[in-house]
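Observations on the three-dimensional arrangement
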Amino acid sequence: MTTDPRDFDAVARVIAARRTSMVVDPDRDVDDELIDELLRLAAWAPCHKRTWPWRFCVVRGEARAALGATVAGAMQRVGDPEAKVDKARTKYLRTPVVLIVGSAGGDTPNRTAENRDATAAAVQNLLLGATARGVATYWGSCPTGANDDVARFAGFDHLSRLGADPARAGQVHTMNAGAGWALRPGATLCLHLSARYP
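Summary of the structure given here. Bear in mind that the values here come from a model prediction, so they are computed numbers and not experimental data.

**Comments concerning the pattern of salt bridges**
Enumeration over the complete set of coordinates arrives at 10 salt bridges. Ionic pairing is found between Asp 149 and Arg 77, a salt bridge with its closest N-O pair at 2.6 Å. Of this pair, Asp 149 sits in helix α6 (residues 147-154) while Arg 77 is found in helix α3 (residues 63-77), placing the two residues 72 residues apart along the sequence. Classification of Asp 149 as buried rests on a relative accessible area of 15%. Taking the relative accessible area as the measure of exposure, Arg 77 reaches 55% and is therefore exposed.

The structure is reproduced here in structure tokens:
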């Protein structure tokens, strides 16, 4: 692998610039091409035993309200305070795009933990790519008790986990804050995108 010494400086600048941002313009969309580019960056994350455990679901438009209703229903079922449940109903309308991220379970507890770690690395790739493209992001966990409901909503397989043990991931909210990818020869890219809700 040949690199330019300036590559380190560029990567270091993006890492240092990445921040959670709550500055949101819910009406300014993030286009599909950019979402695809970020998901492809995510899929370059290291993973143990080539399990490619990350799962993504793109949620936008009216589907954000359906996601909120799904989360609120689960929160209500576990007895969360009504004010918190009501807030969850509209939470996902604050950003134009929500990426639900899941991690596939493994055949052993250790493999499940490794899958969770690989998924976290994939999300870091995605967040850094978004930063480099001028897109603000924040990552949040799935509320307690909502994992299975949200996994079903996203179309993830029954072993996927979002915000509950044994594998923790969550949701990445993306919003446009500011204004080509090529697969390296011989490489295999495995990207799991379960659903895209307009």
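**Details of the packing of α3 against helix α4 (residues 82-91)**
Running from N to C, α3 and α4 point in directions that differ by 160°, and their axes come no closer than 7 Å. By the criterion of interaxial angle, the relationship of α3 to α4 is roughly antiparallel. The interaxial crossing formed by α3 with α4 has right-handed handedness. On α4, the residues that touch Ala 65, Gly 68, Val 71, Ala 72, Met 75 and Gln 76 of α3 are Glu 82, Lys 84, Val 85, Ala 88 and Arg 89. Its residues placed into classes, the contact of α3 with α4 shows 6 nonpolar, 2 polar and 3 charged.

**What to know about the side chain of Asn 147**
Among the structural elements, Asn 147 can be located in helix α6. In this structure the side chain of Asn 147 is engaged in a polar contact, spanning 3.1 Å, whose partner is the side chain of Asp 148.

**A closer look at the nonpolar core**
In this structure, Ile 35, Leu 39, Trp 54, Phe 56, Leu 99 and Leu 126 are the most contacted members of the largest nonpolar core, which totals 21 residues. Looking at this core, the elements that each hand over two or more residues are α2 (32-42), β1 (54-60), β2 (97-103) and α5 (109-132). Looking at which element gives the most residues to this core, the answer is α5, with 6 residues. Listed in part, the 20 residues of the second largest apolar core include Met 75, Val 85, Ala 151 and Phe 153.

Conventions used here
Residues numbered from 1 in each chain as written. Predicted model: local features only at pLDDT ≥ 70, side-chain atom pairs only at ≥ 80, totals over all residues. Heavy atoms only, no water. Salt bridge = Lys/Arg side-chain N within 4 Å of Asp/Glu carboxyl O. Helix = DSSP H or I, 4+ residues; strand = E, 2+ residues; numbered from the N terminus. Buried < 20%, exposed > 50% of the residue type's maximum accessible area, 1.4 Å probe, protein only. Axes fitted to C-alpha atoms, helices over the stretch in contact; angles between N-to-C directions. Parallel < 35°, antiparallel > 145°, perpendicular 65-115°, else oblique. Left-handed = near helix turned anticlockwise from the far one by under 90°. Contact = heavy atoms within 4.5 Å. Nonpolar A, V, L, I, M, F, W, Y, C, P; charged D, E, K, R; others polar. Polar contact = N/O pair within 3.5 Å; in protein donor to acceptor, adjacent residues only side chain to side chain. Core = buried A, V, L, I, M, F, W, Y, C linked by side-chain atoms within 4.5 Å.

Shape descriptors only; they carry no functional weight alone.
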